[in-house]
Amino acid sequence: MIPGPIEFEPEVLRAMGMATTSHVAPNFIETFGKSLEMMRDIWMAPNGQPFIVAGTGTLAMDMAAANLIERGDNALVISTGYFGKRFKDILDRYGANTTILESNVGEIVPIDAIEKELSSKQFKVLTITHVDTSTGVLVDPKPIAELARKYNVLCILDGVCSVAGEEIKQEEWGIDVVLTGSQKAIGVPPGLALLVASQKAMEVWENRRTPVSSYYSDWNNWLPIMRAYEERRSSYFGTPAVNLIVALETSLKIIGAEKIANRVEKNKKLAEAFRAGIKALNLEILPKTEEIAANTLSAIYYPKDIDGAELRSRIAHYNIIVAGGLLSEIKASYFRIGHMGSVSSNDLISVLSALEMALLELGHSFESGKGLQAFQDNLLASNEKLSTV
Ligand SMILES: *Cc1c(COP(=O)(O)O)cnc(C)c1O
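For every chain, the first residue of the written sequence is number 1, and numbering continues from 1 onward in sequence order. Only residues with pLDDT of at least 70 are given local features in this predicted model, and only at 80 or more are side-chain atom pairs given and counted; all residues enter the totals for whole chains, interfaces and linings. Hydrogens and waters are ignored; side-chain quantities use all the structure's heavy atoms.

1. Some words on unusual backbone geometry
Cis geometry marks the peptide bond from Gly 4 to Pro 5, where omega comes out at 0 degrees. In this fold, Pro 5 is placed in the segment before helix 1 (10-16). Unusually for a residue other than glycine, Met 44 sits at a positive phi of about 55 degrees. Strands are runs of DSSP state E lasting at least 2 residues, helices are runs of H or I lasting at least 4, and numbering of each runs from the N terminus. Along the polypeptide, Met 44 turns up in the loop between helix 2 (26-43) and strand 1 (49-54). Unlike most non-glycine residues, Ala 164 shows phi in positive territory, near 75 degrees. Tracing the backbone through its elements, the reader meets Ala 164 in the loop between strand 7 (154-158) and helix 7 (170-173).

2. Quick word on the site of the ligand
Throughout this document, a residue counts as near a molecule or strand when at least one of its heavy atoms sits within 4 Å of that molecule or strand. Close to the ligand lie 13 residues, the nearest being Thr 56, Thr 58, Thr 133, Asp 158 and Lys 184. Here an oxygen atom of the ligand and a side-chain polar atom of Thr 56 are 2.6 Å apart. N or O atoms closer than or at 3.5 Å make up a polar contact, with two conditions inside protein: a donor-capable atom paired with an acceptor-capable one, and, for residues adjacent in sequence, both atoms drawn from side chains. Gln 183 is positioned with one of its side-chain polar atoms (N or O) 2.8 Å from an oxygen atom of the ligand. Shrake-Rupley sampling with a 1.4 Å probe provides the accessible areas, and residues are treated as covered by the protein chains on show and by no other component. Considered on its own, the ligand offers 380 Å² of accessible surface; in the complex 89% of this is hidden by protein. For the shell around the ligand, the per-class residue count stands at 5 nonpolar, 6 polar and 2 charged. Amino acids outside the nonpolar list (Ala, Val, Leu, Ile, Met, Phe, Trp, Tyr, Cys, Pro) and the charged list (Asp, Glu, Lys, Arg) are all regarded as polar, and Gly is one of them.

3. Some words on the pattern of salt bridges
Counted as salt bridges are all cases of a side-chain nitrogen of Lys or Arg within 4 Å of a carboxyl oxygen of Asp or Glu. Applying the stated criterion across every chain, the model contains 18 salt bridges. Between Glu 30 and Arg 232 there is a salt bridge whose closest N-O contact spans 2.9 Å. On the criterion of sequence distance, the pair formed by Glu 30 in helix 2 and Arg 232 in the loop between helix 9 (219-230) and helix 10 (242-258) is long-range, its members being 202 residues apart. A 1.4 Å probe rolled over the protein chains alone gives each residue an accessible area, and that area as a share of the maximum for its type sets the label: buried under 20%, exposed over 50%, partly exposed in between. For Glu 30, a relative accessible area of 38% corresponds to the partly exposed category. With a shortest N-O distance of 2.6 Å, Lys 88 and Asp 92 are connected by a salt bridge. Of the two residues, Lys 88 and Asp 92 both sit in helix 4 (residues 82-93), 4 residues apart, roughly one turn of that helix. Judged by its relative accessible area of 22%, Lys 88 falls in the partly exposed class.

4. Some thoughts on the domain arrangement of the protein
What marks off one domain from the next here is an automatic or database domain assignment. According to the domain assignment, the protein contains domain 1 (10-258) and domain 2 (260-388). Here domain 1 and domain 2 have C-alpha centroids that lie 28 Å from each other. By definition in these notes, contact holds between two residues if any of their heavy atoms fall within 4.5 Å. Taken together, the contacts link 27 residues of domain 1 with 26 residues of domain 2. In short, buried area is how much 1.4 Å probe accessible area vanishes from two parts on joining, totalled over both. Taken over both partners, the interface formed by domain 1 and domain 2 buries close to 2,300 Å², and the fraction arising from carbon and sulfur atoms is 61%. In this structure, Lys 288 engages Glu 107 in a salt bridge whose closest nitrogen and oxygen atoms are separated by 3.7 Å. Contributions of two or more residues to the side of domain 1 that touches domain 2 are made by helix 2, helix 4, strand 6 (137-138) and helix 10. With 3 residues, helix 4 is the single largest residue contributor to the side of domain 1 that touches domain 2. Considered class by class, the residues forming the side of domain 1 that touches domain 2 number 12 nonpolar, 8 polar and 7 charged.

What follows is the structure, encoded as structure tokens:
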């Protein structure tokens, strides 16, 4: 139950285990082409340019920066935790003059602070971390993307912990790059960097004055490959991660069959019920309000008098693996539970039960069963709401 790699569907894992074909085999060309097409549906970017490249989510961040930044460009990072700071490091590496607006822990950066910064000078790009996996804070990208358009700034969304788990309408919201890695809500083992770029982002890249300084990330190398596979032709730059892409097609088909909007809605309902369960155990989550609490993971403070490592190890005795903290300032004071991908209410009942038992063993004060009860009641109430709509 960690926030990536998540638990994968058996069909996806079976796809991984298939005999590896040539990257120019007709079946694989079809798989690659179909995967690119399905990405547009899930990103809701019918005119976007998808990229599938072997690497991790960080490579997708690197690609966006390498291709869109030229030395001396101004970049604005809107940070809600660890991954915002990483984006600043990457942008700086490509010569950007980066300003970072950091929220307080568990909060978001106020929209007027963003507008104030944008109006102070001309930025080339801004980045948003949709869900910062270190804090479980969810940022609404829509009003920020609107500001980006108003000030003529390219808007990049780090969706590594949100694509296919939180609502994203890339084209309608006017976001120029939405990127992710395979091992989170997309539901494929680690190893693929996935990104969709808007027409505007591609134009900005085409009109660069200087060459892209990263050889591997350069869209000049990858765009012809993506176009070829979409046109069902073979092409070669670097050998594609054949098995991972077969697994990606499998997972995208599962998501497509469920419909992305339904999947996001289900995820939200389960996450809300889960948070109700957590709160009923007298535990506090990092995000300060319900509106900015992510639906793909929860970051939860340990109770004051309880040793965190001991709690996680007792939870593990009940066969539930959770993650420790990630944000260095408060690393030892909280833990994280992923609930994205194909997570079900049964999974979350098991998690709450294991958490309750571990907390009871350590003497945390609450009435046994309270968390499970709150989870069930919340879920029943939201099902009720659904059936009356
Ligand atoms: C996991 C994550 C990343 C980094 O992805 P890797 O695949 O580990 O390189 C970047 N941003 C966010 C928001 C993430 O959750």
